[in-house]
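# Fold and contact review
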Amino acid sequence: MLSAFRKLVNTWPARVLLLLLVASFASWGVADVVRNIGQGSSAVATVQGHDITPQQFMAEYKTGLQRYAEQLGEAGQVPETLRLQVARQTLDRLITQQALSTQVARLGLAVPDSQLRDQVFAMKEFQGVDGKYSRQAMAQVLAANSMSEAHFLDLVRGDIAQNQLLQTVAASAAPSKLLTGLVYRYLYERRAADVLSFPFAGQPLPAPPPESVLRRFYDNHPHDYTEPEYRHVKVAILSPDSIGRSLTVSDADLHAWFDAHKAQYVAPEKRSLEVITAASADAAAKLASQWKAGASWDAIQAAAKAAGASATPLENATIQEVPSPELARAAFAAAEGAVVGPITEPLGSYVLRVTAVTPAKNPSFDSLRDEVRSKVAGERALDLIDARAQKLQDAFAGGAKIDEVPGELGATGAEGTLDAQGNTQDGNPAPIPAPAGARQQIIDAAFKTNPGDAIQPTEGPDHVWYAVAVDKVVKPQRKAFAEVRGQVLSDWQRDQVRHKQETEAARILNLTKSGQTLAQAAWGSGLQVTRTPLLSRDKPQAGLSAQLVQTLFTLKPNEATMADSGSGFMVMQLSAVVPPDPGADRMGMTQTTQGLAQALHDDYLQIYASALRDEAHPVVRGQVVQSLITQPGE
């Protein structure tokens, strides 16, 4: 419950507690849980005289346990080692939170009533259908969580005070010029490569070999020519979706939900830009003329560098995310593809081109009616799922078969033959009416169940319950050679093509290692060497995967490497390295500085909160923790 309310306030303490989850394993291991055992108290832990009660601990622990159970898809079956891990995380959060609260009190930090009121009024959970604060909505949320208004306001006040403390601590977080320069050069370096491709497609197939060769290939690849095990399965599925489809929802309820959640569907207009930043209006005007005359982005980048200007792309940005107000207004007034400028400001002049426009979204209720209906019905179904799951278990305990599930439960059924990958005998995915996580569990359960086994309803992820019955098992069978001879021949020919291309690529690579360029190594082979455009680390281009681009940035000048691209082999030789110029790229340096400042900000918060926790010398009662997490049903 407490953790749920912490989510209502987006504060730095909440973020710090999440960051500390990782640090906790290094700074506070299992030994501490059982070593600092206090006597004569039922508290889980004591932090500078303040007790963490079993009730506080269990509320947080159950929330964390449920989160892991949903991820594993095995509610109620979380392994013991993972339960202990959740207990450690829970204790670490609560101890750190209490240490922060103690420090706030020690420093005498106070939160004005006006600031507390503004924070509460801004919480979406307490807003009515008109989007404004509703005291009635707040009372309903607090009542649903069995929390008094006074206690909740104390929690919010504490969060605000902790936020003030941590923001002050992190206010000095700023990267040095040396660090900023190093990171900038790493991020914005660009490279080009010479590439030679050895594709599989389009290569001449070798002549069919003797029959003995095909039979040997068939014998050496038995799994390729064996029918998998198939099972005929019947499944009953009870989920919020299946229940929701059976519920009646009024138009008034649909409109009310849409009005309360409309912000989820509204999005501002976004634009992608290419921006030139020049020190003077004259330099910007010359670049604008060249660009408007039809120069490419690569040409403009080169011209900008020669003129001492910088060229920077800005991807999918809202008007607020464009760093200059004048630049933003011009960018969002221009047509897609238009070159605009110069735009002069005190700190420089800009020229821009709009490369893409993502329109704003403000959908109508009618366009979203089906989705809204699904959402509302799904929320109501969540309130019904536990009671209906109990009836489903009772039905099977009473001897019901899969196809005898009472219709009023809102369950859905499916029947068919599938393999362990969930495919039917024609190779298509079996139509199992369940989300992906539950679907995979159902498939796994089908191959752990034998004909005649008792039907056992099981809870999967996303509040989905399912029951599986198997009535027929078809064991794996190897296909006769005569039946698959054509496939064997085709597979053998593809294997030979692959081997030939791999051998040729390796030969070329070895020639580059002896000092030849890729073009020299390929001379006389009829193969065409291509050069990629300048590439950055985070933007794969020119047919290269992200992994190959990352490999390119590990090579030394003129060094080559070979890779399997999936559709063929590729030899790639580093041909150019272009270091960035921080003096000419104000936008790139600004983005780097801001990113580093945020990272340092987060590090300061983590280090400070960790130091407070260590200074508090918490006393953890391991026996109490152990008794709580091993209670029946927990």
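Here, the structure is the one placed above.
Below: a short report on this structure.

Reading the values: the criteria
Counting restarts for each chain, with residues numbered from 1 along the sequence as it is written. In keeping with the predicted nature of the model, local features appear solely for residues at pLDDT of at least 70, side-chain atom pairs appear and are counted solely at 80 or more, and the whole-chain, interface and lining totals rest on all residues. With hydrogens and water set aside, each side-chain value is computed from the structure's full complement of heavy atoms. A run of H or I in DSSP counts as a helix once it spans at least four residues, and a run of E counts as a strand once it spans at least two, with each numbered from the N terminus. Residue contacts follow a heavy-atom distance rule, with two residues in contact if any of their heavy atoms lie within 4.5 Å. Each accessible area is a Shrake-Rupley estimate made with a 1.4 Å probe; only the visible protein chains count as cover when residues are assessed. Pairing between two strands is assigned when DSSP locates at least 2 bridges connecting them. To obtain each axis, a line is fitted to C-alpha atoms, and for helices this fit is confined to the stretch in contact; angles are then taken between N-to-C directions over 0 to 180 degrees. What we call a nonpolar core is a set of buried Ala, Val, Leu, Ile, Met, Phe, Trp, Tyr and Cys residues that are connected through their side-chain atoms within 4.5 Å. Burial classes: relative accessible area under 20% of the type maximum marks a residue as buried, over 50% as exposed, and values in between as partly exposed (1.4 Å probe, protein chains only). Two N or O atoms form a polar contact when they lie within 3.5 Å of each other; inside protein one atom must be a possible hydrogen donor and the other a possible acceptor, and for residues adjacent in sequence the pair counts only when both atoms belong to side chains. Under this scheme an angle from 65 to 115 degrees is roughly perpendicular, one under 35 degrees roughly parallel, and one over 145 degrees roughly antiparallel; angles in between are oblique. We call Asp, Glu, Lys and Arg charged. Ala, Val, Leu, Ile, Met, Phe, Trp, Tyr, Cys and Pro are nonpolar, and the rest, Gly among them, are polar. Residue count minus one, scaled by 1.5 Å, sets the expected span of a helix. Planes of paired rings set the category: under 30 degrees apart is stacked, over 60 is edge-to-face and the rest tilted, where pairs are Phe, Tyr or Trp rings (Trp by its six-membered ring) whose centres lie within 6.5 Å.

Our focus in this paragraph is the overall build of the chain. Helix and strand content of the chain: 22 helices and 17 strands. Of the contacts made within the chain by residues no fewer than 6 positions apart, 75% connect residues no fewer than 24 positions apart. A total accessible area of about 33300 Å² is found for the chain, and carbon and sulfur atoms account for 53% of it.

On to the sheet that holds strand S9 (residues 348-358), then. On the basis of which strands lie adjacent, the open sheet formed by four strands has the order S7-S6-S9-S8 and antiparallel pairing. Pairing within the sheet leaves two strands with one partner each, and these edge strands are strand S7 (310-317) and strand S8 (339-345). Looking at each pair of strands side by side, their axes are set apart by 25° on average, direction ignored. In terms of strand pairing, S8 meets S9 through five bridges, oriented antiparallel. In the strand pairing of S9, Thr344 is matched with Ser349. Helix H13 (residues 281-292) contacts strand S6 (270-278), S8 and S9 of the sheet and is inclined by roughly 175° relative to S8.

Nonpolar side chains in soluble globular proteins generally cluster together in the buried interior. One finds Val44, Phe57, Tyr61, Leu91, Phe152, Val156 and Val625 to be the most contacted residues of the largest nonpolar core, which totals 43 residues. Considering each element in turn, this core owes the most residues, nine residues, to helix H5 (residues 80-107). Setting aside residues no more than four positions away along its own chain, Val625 makes contact with Val44, Phe57, Ala87, Leu91 and Val620. Judged by nonpolar contacts, the second largest core, of 18 residues, contains Ile385, Ile402, Leu409 and Trp465.

Inspection of the secondary structure puts Arg531 in strand S14 (residues 530-531). Arg531 has contacts with Ala193, Asp194 and Ser575, leaving out every residue within four places of it along the chain. Within the local environment of Arg531, its side chain forms a polar contact with the side chain of Asp194, the two groups lying 2.8 Å apart. A polar atom in the side chain of Arg531 sits 3.5 Å from the side chain of Ser575.

Moving on to the packing of H5 against helix H8 (residues 149-170). Here H5 crosses H8 at 80°, and the two axes come no closer than 10 Å. The orientation of H5 relative to H8 falls into the category roughly perpendicular. Contacts between H5 and H8 involve Gln97, Leu100, Ser101, Gln103, Val104 and Leu107 on the former and, on the latter, Ala161, Gln162, Leu165 and Leu166. Here the contact of H5 with H8 is built from residues that sort into six nonpolar, four polar and no charged.

For the rest of this paragraph, the subject is unusual backbone geometry. Of note, Asn316 is a non-glycine position whose phi angle comes to about 50°, a positive value. Its location among the elements puts Asn316 in strand S7. Located in the positive-phi region is His617, a residue other than glycine, with phi close to 45°. Among the structural elements, His617 can be located in the loop between helix H21 (586-615) and strand S17 (619-620).

Attention now goes to the sheet that holds S14. What the four strands build is an open sheet, ordered S14-S3-S16-S15; its pairing is antiparallel. Looking along the sheet, the strands with just one partner apiece sit at the ends: S14 and strand S15 (560-564). Bridge count for strand S3 (residues 190-199) against strand S16 (residues 568-578) is ten bridges, and the pairing is antiparallel. Along S16, the bridge assignment pairs Leu196 with Val571. Packing against the sheet, helix H18 (residues 481-513) makes contact with S3, S15 and S16, and its axis sits at approximately 170° to S15.

Look at H21: 43 Å from first C-alpha to last across 30 residues, which is about the 44 Å you get at 1.5 Å a residue. Every buried residue belonging to H21 is among Met587, Gly588, Thr592, Leu596, Leu600, His601, Leu605, Tyr608, Ala609, Ser610, Leu612 and Arg613, and all of these are buried. Of the residues flanking the end of H21, it is His617, one or two places downstream, whose phi is positive at about 45°.

Quick look at the packing of aromatic side chains now. Under the defined criterion, the tally for this structure stands at ten aromatic pairs. A ring pair is formed by Phe200 and Phe569, whose centres lie 5.6 Å apart and whose planes are at 80°; its orientation type is edge-to-face. Placement of the pair is Phe200 in the loop between S3 and helix H10 (211-220) and Phe569 in strand S16, with a sequence separation of 369 residues. Under the relative-accessibility criterion, Phe569 is labelled buried at 6%. Taken together through their ring pairs, the aromatic side chains of Tyr218, Tyr225 and Phe481 make up a single cluster.

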